[in-house]
Amino acid sequence: MPDQKQAMLYGLATVLLWSTVATAFKLSLRDLSPVQMLAIACSASVLVMALILVAQRRWHRVFELSGRQYLQSVGMGLINPCLYYFVLFGAFDRLPAQEAQPLNYTWALVLAYLSVPFLGQRLRRLDVVAGLVCYAGVVVIATRGDVLSLTFSDPLGVGLAIGSTVIWASYWIIATRDTRDPVVGLFLNFLCGLPVIVAVCALTDGFDVAPGTAMAAAVYVGVFEMGIAFVLWSYAMKKAENTSRVSNLIFISPFLSLVFISMILGEVILPSTYVGLVLIVAGLWVQQHKTRAKLAGVSGS
């Protein structure tokens, strides 16, 4: 049954977890390569999602899919977790967390743009305005405020961060045709992607990983960012009487994340980061407001 209070609590818990992951990424990447971190995080995620399915008495659903759906798991697993997280961790490996994290938040705008050719949706004027505002923020952050020079602090790192948004948005466009149980689907995607990640890790950086903060941070990412946060957000959406109030909580996350980045990582947050992040969030708000207005018009007609 819908319950707005429970939905808000689930949403707030999710946002809190999302706010910590940029810090966890950087803590892990201090001693691990991106592929080593991904191998550990993905392993932890597969385990925790299996436990969630068992606890919810939904484990049997893993074995009730068609052959085509299992093949779908392989294909989607190559995108997420394999490609997406490898590119995202690569961005965090090269950029300060305060830069990589806001850039990654532009994926929602990329999703709106990709929905035009792939889902047949219309591109409206506010989508263009939102894009200009968002990517003005990207330029401010990527140039560390030296906008006129257009000299990026780390062009490859910025490219990886922006590339991760395209991969993530593409994944969710494909997921619109996914009829599997969401947690079962995510579990199978990660389970199918894990052998590929392990093989790449074995052939490149190996598994010579010492226990410590870096490994603990990678496990934290797998358990919470890749696993529990997804389940909590699904509950929030299911319980919500007003989904827009819950989805608005997302805008808290990037600002709260800067608090953790500053306190735990010791990064000095640059003025350009604040300016760029405000522009990105403003652009996303404009885009989301347009979507809500469209839905309200449909419901009122």
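Residues numbered from 1 in each chain as written. Predicted model: local features only at pLDDT ≥ 70, side-chain atom pairs only at ≥ 80, totals over all residues. Heavy atoms only, no water.

K.L.:
Mind showing me how you'd approach the side chain of D181 here?
P.N.:
Within the fold, D181 resides in the loop between α7 (155-175) and α8 (182-203). Within the local environment of D181, its side chain forms a polar contact with the backbone nitrogen of V183, the two atoms lying 3.0 Å apart. (Helix = DSSP H or I, 4+ residues; strand = E, 2+ residues; numbered from the N terminus. Polar contact = N/O pair within 3.5 Å; in protein donor to acceptor, adjacent residues only side chain to side chain.)

K.L.:
Got a minute to help me understand helix α3 (residues 67-94) in this structure?
P.N.:
Helix length check: α3, at 28 residues, gives a terminal C-alpha distance of 40 Å against a target of 40 Å (1.5 Å per residue), a fit within 8%. Of all the bends in α3, the greatest, near 35 degrees, is centred on M76. (Expected span 1.5 Å × (residues − 1). Bend = angle between axes of the 7 residues up to and from the residue.)

K.L.:
What am I meant to see in the packing of aromatic side chains here?
P.N.:
Each aromatic ring pair is characterised by the separation of its centres together with the angle its planes make. Considering all chains together, one arrives at 15 aromatic pairs under this definition. Ring geometry for W59 against F187: centres 5.5 Å apart, planes inclined by 65 degrees, an arrangement best described as edge-to-face. Placement of the pair is W59 in the loop between α2 (34-55) and α3 and F187 in helix α8, with a sequence separation of 128 residues. Classification of F187 as buried rests on a relative accessible area of 4%. Where Y171 meets W172, the ring centres are 5.4 Å apart and the plane angle is 80 degrees; that geometry is what we call edge-to-face. What links up through ring pairs into an aromatic cluster is the set F25, Y84, Y85, F89, F92, W107, W168, Y171, W172 and F190. (Phe/Tyr/Trp six-rings, centres within 6.5 Å; stacked < 30°, edge-to-face > 60°. Buried < 20%, exposed > 50% of the residue type's maximum accessible area, 1.4 Å probe, protein only.)

K.L.:
I would appreciate a short explanation of the state of the cysteines in the present structure.
P.N.:
Cysteine pairs can be linked by a disulfide, which is a covalent bond between their two sulfur atoms. All told, the structure shown has 0 disulfides when counted by the stated rule. Residue C192 stays outside any disulfide, its sulfur separated by 9.5 Å from that of C82, the closest cysteine. Note on C192: relative accessible area 25%, which makes it partly exposed. (Disulfide = S-S within 2.5 Å.)

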